[in-house]
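Coordinate analysis (summary)
What follows is each chain in one-letter form.
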Amino acid sequence: MLNFSTKQLIGVGVFIFAIFVGVPFAIAATGRWDFFFTLTSVALLAIASAGVWLTFYIGRINIGQGAFALIGAYVSAILVVKAGWSFWISLPAAGLFAALVAILIGLPILRLRGVYFAMITLVLTQVVTLTALALPITNGAKGISSIPLPSGISLFSITIVPDFATMDSTKLAFYYTACILMIITYIALYRLVNSRLGHLCRSMQQNEELASSIGVNISYIRIVIFAISSFFGGIGGAMFGSIAQSVYPSSFQVADSVNFMLNCFLGGLGYVFGPMLGTLVLYFGWDLLFEFGKYQMLIYSTFLILIIRFLPNGLLSLSLRKGDNK
Amino acid sequence: MNTLLQIKNVTKKYGGLIANNNISFDVAENEILSVIGPNGAGKSTLFKMISSFTPTTSGEVIYRGERISNLKPHIVARKGVVRTFQETTIFKSMTVHESVVVAQHLRAKASLSGYFLGSKAAKEDVKAFGKYADELLEFLEMSEISNEQASNLPQGSLRALGIAIGLATDPKVLLLDEPFAGMNHDETMRMVDLVRSVRDERGVTVMLVEHDMPAVMSISDRIIVLNFGEKIAEGTPSEIQNNEKVIEAYLGSADDEIGM
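Residues numbered from 1 in each chain as written. Chains lettered and ligands numbered in written order. Predicted model: local features only at pLDDT ≥ 70, side-chain atom pairs only at ≥ 80, totals over all residues.

To continue, consider the overall build of chain B. The secondary structure content of chain B amounts to 11 helices and 10 strands. Relative to a compact globule of 260 residues, whose C-alpha radius of gyration would be 18 Å, chain B shows 20 Å and is just as compact. With the principal axes as the frame, chain B shows a C-alpha extent of 70 × 40 × 35 Å. The burial tally for chain B puts 42% of its 260 residues in the buried class. (Helix = DSSP H or I, 4+ residues; strand = E, 2+ residues; numbered from the N terminus. Rg over C-alpha atoms; globule rule 2.2 N^0.38 Å. Buried ≥ 20, exposed ≤ 12 C-beta atoms within 10 Å, placed from the backbone.)

Encoded structure:
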């Protein structure tokens, strides 16, 4: 059904084996338990970045994913804490609510192109932060804390997902959850890009006038894509809130939105798996440079500039050539 | 002959500037109709209004008894009135084949979610699109550049690609924007043959905006002449060639020459 070639299947198989077996084994062997949290964050940020990448795919620069991640985190937290929902139901609800907000915001702003769209999205994160500070339901600056851990799911008294609160350490459970979500996200993204909708997106990205001359309803597709993109943001944000067991107006800031965009640039806008690699490299790169102290930012940004200068198509352009495992 | 398209008292104003003033004419089914006129006569604006890429200030465009002016361009395209652009408007990083495939999306039988899930109908669509693209490119004698990236094509092929993309949507009326511009004599003659075969073999009514007079005269069944936003003449090529107003518009009147 998924139409993967043998080579791709092997690649995907190795990747899945590595993250589900290799990584936990390596961490247990080295005792670097903190890497679980780092890699869980990478997986979740990669989900949000996948959304940003998708808006790039219709030719829009999206610097507002932090807004939708924050919305997702709050919606899930409120549903779990105040309405007593199971986290697992609040998760898709958070994504859908973020998508709904994206539709309402997208209707007026998606007509804008280039830097104008980018500027508006840049403001969005700040708007959502300020809204969270002002609304009673989000509890202002105090945020929502002590969010219960995800409860278990059982069907016909067979446990499908164990109750997180009964575990000694939730690190591995959250790591697996994040990885599964990330894999589902990227399979969906891959399918979308290689389906008719993806082809229509590509036609719009390259020339909106020509696309509408062949009958593409460009305003409709823009909204659909922006909604899907924000859905990913909402899912990523909600999961983050659940791991941190708290959400504050500052949980996702403008800088996070910028990072989501950078992840896409760095990994490669032409490759579906670009944002995943970009997130991994950027997140780890920043951590590894920690020992340089006050020069951390300087070295980090120099690297970014060099990469964008010499690899304008992203890191994946090094290993993948046109037509290969796109 | 059946009237396919009616342009009724169409006017376009940009602020105080009148780009088109009260223009009316009919387009018959299966004819090749050219719109000519000196630079700034309002030819492109007229095309934009017919394809709904810009709204009319007043007046309307009727296609098969239905108003199509002031709609969204994609809706007009779906009804079968499709425009092409000048050579820079292409899908740059797609191959010729990919461009023609994507332009067929209106024929899709499967839904967007069907494609996402890989339904049977979607697979049949994909197969049918590829096959039709091959057929169309062969018809346009473009098979050998089928896998070239659009941005690498020479000007003449770009123009043909534009027509291929337009034809792939299965139009009833094709509006060609300067299809012969920048071409040498041989290329022009090839394109003239191509446009004619689009009409003869595919039953597509063709309207074109063009500057190349010999090409226009040889290809057109009828010609509309615009000058300063007004329609000044309408008729067969030989009628137009002998029309005084047209000669005046192109060569300038005696008064103008003294004025200059």
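Having seen the structure, we can now continue with the description.
Before going further, it helps to examine the domain arrangement of chain A. Interface size is commonly expressed as the accessible surface area that is lost when the partners come together. Residue and element names in this part refer to chain A. Along its sequence, chain A is carved into domain 1 (1–32) and domain 2 (35–146 + 168–255). Domain 1 and domain 2 are separated by 26 Å when their C-alpha centres are compared. Of the residues lining the interface, 7 residues belong to domain 1; the matching set on domain 2 comes to 6 residues. Broken down by class, the residue content of the side of domain 1 that touches domain 2 amounts to 6 nonpolar, no polar and 1 charged. (Domains from an automatic or database assignment. Contact = placed C-beta atoms within 7 Å. Nonpolar A, V, L, I, M, F, W, Y, C, P; charged D, E, K, R; others polar.)

Moving on, we come to the environment of Arg111 of chain A. Its place among the elements puts Arg111 of chain A in the loop between α4 (87–109) and α5 (114–134). Overall, Arg111 of chain A belongs to the exposed group, with 12 C-beta atoms counted inside 10 Å.

All names here are of chain B. Topologically, Gln86 is positioned in the loop between β6 (81–83) and α3 (96–102). For the pair Gln86 and Ala181, spaced 95 residues apart in sequence, the C-alpha separation works out to 8.6 Å. If sequence neighbours within four positions are ignored, Gln86 has contacts with Asp177, Glu178 and Ala181.

The next point concerns the interface of chain B and chain A. On the side of chain A, 22 residues touch chain B, which itself brings 25 residues to the contact. Elements supplying a minimum of two residues to the side of chain B that touches chain A: α2 (73–79), β6 and α4 (112–117) of chain B. Looking at the side of chain B that touches chain A element by element, the count peaks at 4 residues for α2 of chain B. Residue composition of the side of chain B that touches chain A, grouped by class: 15 nonpolar, 7 polar and 3 charged.

What follows covers the confidence of the model for chain B. Put simply, chain B has an average pLDDT of 89, and 97% of its residues get 70 or more. Quick note on the complex model: pTM equals 0.88, ipTM equals 0.87. (pLDDT = per-residue confidence, 0-100.)

All names here are of chain B. Most of strand β8 (residues 205–209) is tucked away: 5 of the 5 residues are buried. Side-chain alternation along β8 places Thr205, Met207 and Val209 on one buried face and Val206 and Leu208 on a second face that is also buried. Both strand β3 (residues 32–36) and β8 contribute to a ladder of 4 bridges, which runs parallel. Paired with Val35 across the strands is Val209, a residue of β8. (Pairing = 2+ DSSP bridges.)

All names here are of chain B. What the 4 strands build is an open sheet, ordered β2-β1-β4-β5; its pairing is antiparallel. Each edge of the open sheet is held by one strand with a lone partner, namely β2 (17–28) and β5 (66–67). Taken together, the 8 bridges between strand β1 (residues 3–14) and β2 define a ladder with antiparallel strand orientation. Looking across to β2, one finds that Thr3 is bridged to Ala28.

To continue, consider the domain arrangement of chain B. Residue and element names in this part refer to chain B. Segmentation of chain B into domains returns domain 1 (1–80 + 172–260) and domain 2 (89–170). Computed over C-alpha atoms only, the centres of domain 1 and domain 2 are separated by 27 Å. Between domain 1 and domain 2, the contact holds 12 residues from the first and 9 residues from the second. Secondary structure elements with two or more residues in the side of domain 1 that touches domain 2: α2, β7 (173–177) and α7 (185–202). Top element by residues in the side of domain 1 that touches domain 2 is α7. It accounts for 5 residues. Across the side of domain 1 that touches domain 2, the residue classes tally to 8 nonpolar, 1 polar and 3 charged.

Time to look at the confidence of the model for chain A. Of all residues in chain A, 96% attain a pLDDT of 70 or more, and the chain-wide mean is 88. This model gives residues 321–326 of chain A a pLDDT under 50, and the stretch forms 5 contacts once residues within four places in sequence are excluded.

A few words now on unusual backbone geometry. Despite not being glycine, Ser146 of chain A shows a phi value in the positive range, around 50°. Structurally, Ser146 of chain A can be placed in the loop between α5 and β1 (153–155). Judged by local crowding, Ser146 of chain A falls into the exposed class, with 7 C-beta atoms found within 10 Å. Backbone geometry places Asn70 of chain B, a non-glycine residue, at a positive phi of 60°.

Residue and element names in this part refer to chain B. Following both chains from N to C, one finds helix α5 (residues 120–139) and helix α6 (residues 155–168) inclined at 135°, their axes separated by 11 Å at the closest point. By the criterion of interaxial angle, the relationship of α5 to α6 is oblique. Crossing hand, α5 versus α6: right-handed. Touching Ala133, Leu136 and Leu137 of α5 are Ala164, Leu167 and Ala168, all from α6. (Axes fitted to C-alpha atoms, helices over the stretch in contact; angles between N-to-C directions. Parallel < 35°, antiparallel > 145°, perpendicular 65-115°, else oblique. Left-handed = near helix turned anticlockwise from the far one by under 90°.)

The subject of this paragraph is the pairing of strand β2 (residues 158–161) of chain A. Residues and elements named next belong to chain A. In this structure, β1 lies alongside β2, joined through 3 bridges in antiparallel fashion. The residue bridging Ser154 from the neighbouring strand is Thr159, located in β2. Counting the residues that bridge the hairpin from β1 to β2 gives 2 residues, and of these Phe156 lies at a positive phi of roughly 50°.

The terminal C-alpha atoms of helix α6 (residues 171–193) of chain A, which comprises 23 residues, lie 33 Å apart, in line with the 33 Å expected from a rise of 1.5 Å per residue. Taken residue by residue, α6 of chain A has Phe174, Tyr175, Thr177, Ala178, Cys179, Met182, Thr185, Leu189, Tyr190 and Leu192 of chain A as its buried positions. Where α6 of chain A is buried, its residues touch α1 (6–30), α2 (34–57), α7 (196–206) and α9 (218–244) of chain A together with α4 of chain B. (Expected span 1.5 Å × (residues − 1).)

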